Amino acid sequence: MAGRINDDDVKAVRDAVPIDAVVSEYLQLRNAGGGNLKGLCPFHDEKSPSFQVSPSKGLFHCFGCQEGGDTIAFVMKIDHLSFSETVERLAAKAGITLRYEEGGYNPSHQRGERIRLIEAHQAAAEFYVRALESPEAEIGRTFLAERGFDQEAATHFRVGYSPAGWDHLTRYLRGKGFSDKELITSGLSQDGRRGPIDRFRGRLMWPISDTAGDIVGFGARKLRDDDNGPKYLNTPETPVYKKSQVLYGIDLAKKDIAKASRAVVVEGYTDVMACHLAGVTTAIATCGTAFGNDHIKILRRLLMDNGSARVIFTFDGDSAGQKAALRAFEDDQKFAAETYIAIAPDGMDPCDLRLVKGDDAVRDLVEPRTPLFEFALRQIVGRYDLETPAGRAAALDEAAAVVAKIKTSSVQREVAVQLAGLVGILDQEFVVRRVAQLARWARDKGGDHGDRGGRVGPQGRGQRAGAPQQAAPAPAFSGPALNLRSPAHRTERELLKLALQKPALVSPAFDAYGVDEFTAAPYAAVRRCIEEAGGAEQGIADDRAYLGAVLDAAPDNTVRNLVTELAVEVFHGRTIDETYAGMHLVHVRLRAVDRRIADVQSSLARLGNHVAPQDLAAAQNEVWVLQQYAQTLRAHGAAAL
């Protein structure tokens with residue numbers, strides 16, 4: 001049985017790997033204020049960033065889908081790993097040797113499946129790279145040289161060669177301690193008559209990495225005429241390789257994509273190489289499949305959907321390339337970025353263009369000129385005879401249906417006007433009305449009541465811009481739902497944020513506050529967690545350990561998620577200091593005092609003449625003391641606490 005990872009080692013891993021560095025491997029982060037960072041959530045689709053990271057606290061939280069937690073929780077969620085697999089992966093990144101309890105450490109048996117498969121691919125990549133230097137691989141080196149790639153280029157992209165024998169790699173990986181089951185599961189080997197054999201034989205090999213830089217598969221190019229397989233053979237679907245979710249070159253391009261707010265989508269491995277070597281370091285390619293939804297999600301997280309972002313598609317000029325462009329246009333509205341198409345003269349791909357005309361021609365190719373929607377519409381309209389009324393009507397019918405899919409009404413109108421010009425219809429408003437009508441029919445038929453200008457706010461999804469924010473009631477709590485229109489709830493929330501993020505500003509006064517001073521049941525639950533963790537004063541010496549203790553005290557995931565949310569949420573005030581903290585301490589206490597006064601007076605009113613004299617005197621005295629305390633709080637503020 002796999003040993004349990006030592007608790008001290010788990011803590012060391014949490015502390016050693018900065019959460020912002022890990023999250024940045026998957027999405028672009030920008031300053032959110034208050035020392036926090038923000039980006040587009042990788043766990044749900046959103047148009048504006050509601051995903052926040054607190055490097056100082058080591059936590060993340062999405063205010064849209066409510067996912068949250070520490071570095072380990074993030075990697076577990078995004079890469080679908082177990083807890084042990086995640087800790088092992090992060091430990092390897094940090095250079096930490098883990099200790100295992102209950103039986104010690106046996107690497108060949110206790111490594112998680114994903115970790116083992118990644119290690120197998122890394123070992124295979126090294127094997128293929130060395131094999132490219134062998135006499136047998138001369139055909140592969142010649143292939144690269146004929147396309148303008150020297151040894152330095154091959155090394156940079158880790159291009160390799162798979163020997164033509166049946167089981168060279170399989171035997172090599174067995175010698176490294178990998179089991180036959182692991183080799184079959186990884187897709188590096190396949191079942192043969194007498195056991196596993198190599199899947200890739202006698203081919204040029206490109207390693208395919210995920211966004212984090214881990215090799216998860218390979219693309220293999222046929223070199224010999226006697227190879228009866230396809231021209232390109234990719235790794236099959238495995239636990240770590242999903243072709244619809246990987247982009248070749250993303251590990252090399254992601255930083256420049258985020259920095260330049262631009263991505264260039266090409267069709268093949270050699271096209272990516274040619275672009276990068278020509279200085280277009282934002283080029284990526286799909287791996288044997290059409291550019292689809294999951295690829296869009298990867299790019300959107302890197303581009304951050306800002307208004308100046310651009311995605312340029314470079315498709316071949318043949319019919320297959322045109323079809324690919326039309327497919328891309330169907331998904332165009334899933335980008336906030338502007339999309340363009342670039343087709344080289346004579347239908348050359350970037351690799352051929354670089355070989356024939358040089359690096360400058362490749363850089364010039366990907367300068368955006370033709371919007372993707374314009375290209376797509378020209379392809380549709382070009383199939384009809386626009387010299388006849390019937391041809392223009394037919395072209396309009398097909399093209400208008402495409403334009404009607406554009407969700408933003410202003411963009412839809414603008415494109416409809418351009419469509420009128422392409423078809424040759426002078427009455428632009430007629431085309432605009434036709435497109436709008438088709439859009440309405442599509443919505444009515446599909447019952448599409450999606451985003452109509454709403455946004456994802458800090459308290460929930462689909463809330464209209466400018467509307468008061470109101471969170472849905474949490475099923476785990478009894479009591480009133482959170483309502484941020486309520487001044488009391490707003491103040492309580494801000495005070496809890498102070499207690500979690502800046503405990504030195506509210507201690508020790510906060511720790512004297514009772515759970516009943518928080519009127520929102522969810523906030524009362526968080527207050528109870530802080531109390532069980534030893535109070536906010538514990539956070540002054542070690543804020544990470546303190547937050548960990550508060551999270552551990554949470555009775556369920558609902559409360560735990562709220563703690564994480566409050567620990568990363570930006571404060572409302574501009575200056576967060578003792579004055580700001582004191583104001584919220586006073587307001588929460590004052591409301592609690594006023595509520596108690598009202599409760600006592602209400603009880604006296606209900607009892608009327610039936611209250612005992614001594615009870616009446618005690619109640620009146622309590623009201624008088626509370627009123628004096630309230631007056632002192634109003635006059636002297638936090639000094640009266």
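Calculation notes
- Residues numbered from 1 in each chain as written.
- Predicted model: local features only at pLDDT ≥ 70, side-chain atom pairs only at ≥ 80, totals over all residues.
- Heavy atoms only, no water.
- Pairing = 2+ DSSP bridges.
- Helix = DSSP H or I, 4+ residues; strand = E, 2+ residues; numbered from the N terminus.
- Core = buried A, V, L, I, M, F, W, Y, C linked by side-chain atoms within 4.5 Å.
- Buried < 20%, exposed > 50% of the residue type's maximum accessible area, 1.4 Å probe, protein only.
- Arc of directions from axis to C-beta.
- Contact = heavy atoms within 4.5 Å.
- Axes fitted to C-alpha atoms, helices over the stretch in contact; angles between N-to-C directions.
- 1 Å grid on protein atoms, 1.4 Å probe; cavity = no way out; pocket = protein on both sides within 12 Å on 5 of 7 lines; lining within 4 Å.
- Points joined across faces, edges and corners; volume = space filled by probe spheres on them.
- Nonpolar A, V, L, I, M, F, W, Y, C, P; charged D, E, K, R; others polar.
- Phe/Tyr/Trp six-rings, centres within 6.5 Å; stacked < 30°, edge-to-face > 60°.
- Lys NZ or Arg CZ within 6 Å of the ring centre and 35° of its normal.
- Parallel < 35°, antiparallel > 145°, perpendicular 65-115°, else oblique.
- Polar contact = N/O pair within 3.5 Å; in protein donor to acceptor, adjacent residues only side chain to side chain.

Visitor: Requested: an account of the sheet that holds strand β14 (residues 262–266), with residues and values cited.
Guide: A sheet is described by the order of its strands in space; here 5 strands give the open sequence β15-β14-β16-β17-β18, paired in mixed fashion. At either end of the open sheet lies a strand with only one pairing partner, and these are β15 (283–285) and β18 (370–371). Pairing of β14 with β15, which is carried by 3 bridges, proceeds in the parallel orientation. Each residue of the ladder has a partner; that of V264, found in β15, is A283.

Visitor: Explain the nonpolar core to me, and be specific about the residues and the numbers.
Guide: Membership of the largest hydrophobic core comes to 45 residues, with the highest contact counts inside it found for L144, V159, L204, W206, Y248 and M273. In terms of residue count, the dominant contributor to this core is helix α12 (residues 269–277) (5 residues). The next biggest cluster of nonpolar side chains, apart from the first, holds 38 residues, and it includes L498, F510, Y546 and V568.

Visitor: How would you summarise helix α9 (residues 168–175) if you had to cite specific residues and measurements?
Guide: Residues L169, T170 and L173 constitute the buried set of α9. The buried residues of α9 occupy an angular sector of 100° when the element is viewed end-on, so they sit on one face. Considering only its buried residues, α9 is in contact with α6 (113–131), α10 (180–186), β9 (189–192) and β10 (195–198). Remark: G177 follows α9 within two positions and exhibits a positive phi of approximately 100°.

Visitor: Explain the sheet that holds strand β5 (residues 59–62) to me, using residue names and the numbers behind them.
Guide: The pairing of strands in a sheet happens through backbone hydrogen bonds and is either parallel or antiparallel. Spatially, 5 strands are ordered β2-β3-β4-β5-β6 in an open sheet, and the strand pairing comes out antiparallel. Each of the sheet's edge strands pairs with one partner strand only, and the pair in question is β2 (30–33) and β6 (68–70). Sheet twist, expressed as the mean angle between neighbouring strand axes with direction ignored, is 25°. As judged from the 3 bridges shared by strand β3 (residues 36–39) and strand β4 (residues 51–54), these two strands associate in the antiparallel manner. Following the sheet pairing, K38 is matched in β4 by Q52. Along the sheet face, helix α25 (residues 557–568) touches β3, β4, β5 and β6 and points at about 105° away from the line of β5.

Visitor: Which residues make up empty space enclosed by the protein, and what values do they have?
Guide: Per the stated rule, a full pass over the model turns up 2 cavities of 30 Å³ or more. Taken as a whole, the largest cavity spans an internal volume of roughly 40 Å³. Along its surface, the largest cavity is lined by S209, D210, T211, Q245, V246, L247, I250 and I298. Across the lining of the largest cavity, the residue classes break down as 4 nonpolar, 3 polar and 1 charged. Here the second largest cavity defines a volume of roughly 30 Å³. Taken together, V22, E25, Y26, V75, R89, L90 and K93 make up the full set of residues lining the second largest cavity. Sort the elements by how many residues they give to the lining of the second largest cavity and helix α4 (residues 83–94) lands first, with 3 residues.

Visitor: So what's going on with the packing of aromatic side chains? Residues and values would help.
Guide: What the rule picks out here adds up to 16 aromatic pairs. Every member of this aromatic cluster is reached through a ring pair, and the members are Y26, F43, F51, F60 and F74. In this arrangement the basic side chain of K77 is found over the ring face of F43, its NZ or CZ atom lying 5.8 Å from the centre.

Visitor: Can you lay out the packing of helix α23 (residues 521–532) against α25 for me, pointing to particular residues and giving the numbers?
Guide: Interaxial distance between α23 and α25 falls to 10 Å at its minimum, and their mutual angle equals 85°. As summarised for this structure, α23 and α25 are arranged roughly perpendicular, according to the angle between their axes. Counted together, P522, Y523, A525, V526 and C529 of α23 and V559, L562, V563 and L566 of α25 form the full contact between these two elements. Looking at the contact of α23 with α25 residue by residue, the classes come out as 9 nonpolar, no polar and no charged.

Visitor: Kindly report on unusual backbone geometry, identifying the contributing residues and their values.
Guide: The omega angle of the peptide bond from S507 to P508 is 0°, so this bond is cis rather than trans. Counting through the fold element by element, P508 comes out in the loop between α22 (503–506) and α23. Phi at S261 is positive, roughly 55°, even though this residue is not glycine.

Visitor: Give a description of helix α24 (residues 543–553) that names residues and reports values.
Guide: Within the span of α24, buried status applies to Y546, L547, V550, L551 and A553. Buried residues in α24, looked at end-on, bunch into an arc of 160°, giving them a common side. Where α24 starts, the residue carrying a side-chain oxygen 3.4 Å from the main-chain nitrogen of R544 turns out to be D542.

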